[in-house]
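Given next are the chains, with one letter for each unit.
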Amino acid sequence: MGTLNGEIINNPGNWYNYNKMTGDLLMTQDFKNVLTVDKERVQFFILFDSLQTNHTFVHIPALMFDGFCKAIFIGDQFDIFEDITTKFVKSDYHTNGLISTGNPYDEYINESKYYLFNIAGNTYETFILKRKSLRAVFQNNPQADIFLSKHNKKIDDSYMKALADFLSSNNTVK
């Protein structure tokens with residue numbers, strides 16, 4: 001965890017979890033008592049999943065939300081962040097004997113917003129994971145068009161990381 005004072009806190013005795021619904025970073029040492037970390041004092045934190053893949057979360061006050069964004073890519077010219085919010089959707093199952101509608105179960109649904117931060121211009125642009133939106137956010141950059149044309153697989157976080165790596169290696173972001 002990185003604090004606003006520039007300190008890096010790495011204590012193997014502490015266990016952390018991130019509550020996407022409230023934007024709170026939670027900490028425990030004994031799995032019985034849980035503390036909420038003061039998010040105003042935290043710049044970033046890194047969580048590891050069960051496959052030991054790290055996920056970096058960054059507090060960005062300029063985006064005006066209360067929690068942390070997942071860092072998809074951090075570069076010299078631009079950064080890409082994902083704001084993940086989770087909403088509780090209550091069961092809405094209805095039947096009249098002939099027709100049944102809705103879900104017979106409660107569920108949690110993740111919704112994501114993506115941001116491109118242009119470091120030189122100190123500006124943020126919002127985009128969605130669609131080719132048309134990516135072409136618009138990268139201002140019809142020829143290198144982005146080349147990447148998007150050659151890679152026709154599903155656009156997800158790993159695709160965005162590969163696109164950002166490609167554009168950064170070619171120094172072509174405007």
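Here is a short report on the structure shown in this document. (Residues numbered from 1 in each chain as written. Predicted model: local features only at pLDDT ≥ 70, side-chain atom pairs only at ≥ 80, totals over all residues. Heavy atoms only, no water.)

**What to know about the packing of helix α2 (residues 142-150) against helix α3 (residues 157-169)**
For the pair α2 and α3, the least separation of the axes is 10 Å and the interaxial angle reads 140 degrees. Taken together, α2 and α3 sit at an angle that is classed as oblique. The two elements α2 and α3 meet at a crossing, and its hand is right-handed. Along its contact with α2, which presents Gln143, Ala144, Phe147 and Leu148, the element α3 presents Tyr159, Ala162, Leu163, Phe166 and Leu167. Residue composition of the contact of α2 with α3, by class: 8 nonpolar, 1 polar and no charged. (Axes fitted to C-alpha atoms, helices over the stretch in contact; angles between N-to-C directions. Helix = DSSP H or I, 4+ residues; strand = E, 2+ residues; numbered from the N terminus. Parallel < 35°, antiparallel > 145°, perpendicular 65-115°, else oblique. Left-handed = near helix turned anticlockwise from the far one by under 90°. Contact = heavy atoms within 4.5 Å. Nonpolar A, V, L, I, M, F, W, Y, C, P; charged D, E, K, R; others polar.)

**Looking at the environment of Lys90**
As for its position among the elements, Lys90 is in the loop between β8 (78-89) and β9 (94-95). Put simply, Lys90 and Asp106 are 16 residues apart on the chain and 4.6 Å apart in space, counted from C-alpha to C-alpha. Apart from the residues lying within four places of it in its own chain, the contact partners of Lys90 are Tyr105 and Asp106.

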